[in-house]
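Listed below are the residues making up each chain.
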Amino acid sequence: MKSTAESRGRRTLLLLSLVALAPIVASYVAFYWFAPTKRLNYGELLAPAPAPALAGTTLEGAPFTLAELRGKWILLTVSAPDCAAACEKALYATRQARTIQGREQDRVVRALLQPTGATALRPGLLAAQPGLIAARVDSAALALLPQPGADGVVILLIDPRGNLVLRYGADPDIKRLSNDLGRLLRTSQIG
């Protein structure tokens, strides 16, 4: 009788030990063999750095500084001297991504920067972009920002503290851009 009770007790102890160790073993297996390779963000993650201090004038002639937009998330479109089709697509994408945020859209501001001496914007372009801040900045200062692609346009996302966060091309997937922005707005308590 004693041997049957001892073997039953040993089996119970072994079973309890296996149950206790199973989550630890499973976590190591999941961490080392099933590590996620997919990143969550759509935009190109930039090295943490503050955005350069940019100053210029708005299209109305008022002084403009990028620092005055601090405290909000900034969707910054940097365009070549002529705001051609790629520039207009980028402005449309930023407008839609901001609008999709619903009641959180007030935490986001959109801006268009062009080099000083750029050609005039197409008539009606600004009217189709409510809330857009358009300014002209010295091209040497614009060169301090991440450089645009071959189409001469880049979209940058800047956090409320003035740090460059993400970079997008001129024709981003609006839904994925919006998802990046929404995720940041949900997790951030600033701005």
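Quick note: structure is the one above.
Residues numbered from 1 in each chain as written. Predicted model: local features only at pLDDT ≥ 70, side-chain atom pairs only at ≥ 80, totals over all residues. Heavy atoms only, no water.

1. Side note on the overall build of the protein chain
Point 1. Along its length, the protein chain carries four helices and eight strands.
Point 2. Starting at the N terminus and walking to the C terminus, you meet the elements of the protein chain as α-β-β-β-β-α-β-β-α-β-β-α.
Point 3. Relative to its length of 191 residues, the protein chain is extended, with a C-alpha radius of gyration of 26 Å against a globular reference of 16 Å.
Point 4. Viewed in the frame of its principal axes, the protein chain has a C-alpha envelope of about 100 × 35 × 25 Å.
Point 5. For the protein chain, buried positions account for 37% of its 191 residues.
Point 6. Nonlocal contacts in the protein chain, meaning residues at least 24 apart in sequence, comprise 67% of its contacts between residues at least 6 apart.
Point 7. If you average the places of the 22 positive and of the 14 negative side-chain charges in the protein chain, the two averages end up 14 Å apart. (Helix = DSSP H or I, 4+ residues; strand = E, 2+ residues; numbered from the N terminus. Rg over C-alpha atoms; globule rule 2.2 N^0.38 Å. Buried < 20%, exposed > 50% of the residue type's maximum accessible area, 1.4 Å probe, protein only. Contact = heavy atoms within 4.5 Å. Lys, Arg positive; Asp, Glu negative; His and termini not counted. Charge placed at Lys NZ, Arg CZ, Asp CG, Glu CD.)

2. A look at the state of the cysteines
Point 1. A complete count under the given rule lists one disulfide for this structure.
Point 2. With a sulfur-sulfur separation of 1.9 Å, Cys 83 is cross-linked through a disulfide to Cys 87. On the sign convention where negative means left-handed, the S-S torsion of about -80 degrees between Cys 83 and Cys 87 marks this disulfide as left-handed.
Point 3. What makes Cys 83 buried here is its relative accessible area of 12%. (Disulfide = S-S within 2.5 Å.)

3. Looking at the environment of Thr 187
Point 1. Tracing the chain through its elements places Thr 187 in helix H4 (residues 174-187).
Point 2. At 3.1 Å, the side chain of Thr 187 forms a polar contact with the backbone oxygen of Arg 183. (Polar contact = N/O pair within 3.5 Å; in protein donor to acceptor, adjacent residues only side chain to side chain.)

4. Side note on the environment of Leu 177
Point 1. Its place among the elements puts Leu 177 in helix H4.
Point 2. Excluding its chain neighbours within four sequence positions, the residues that come into contact with Leu 177 are Tyr 42, Leu 75, Ala 93, Ala 97, Tyr 168 and Pro 172.

5. Digging into the sheet that holds strand E1 (residues 44-50)
Point 1. The eight strands are arranged E1-E8-E7-E4-E5-E6-E2-E3 in an open sheet whose pairing can be described as mixed. Because the sheet does not close on itself, it has two edges, and the strands there are E1 and strand E3 (63-65). Averaged over neighbouring strand pairs, the angle between their axes works out to 35 degrees when direction is ignored.
Point 2. Helix H2 (residues 85-100) contacts strand E4 (73-78), strand E5 (108-115) and strand E7 (154-158) of the sheet and is inclined by roughly 165 degrees relative to E5. (Pairing = 2+ DSSP bridges. Axes fitted to C-alpha atoms, helices over the stretch in contact; angles between N-to-C directions.)

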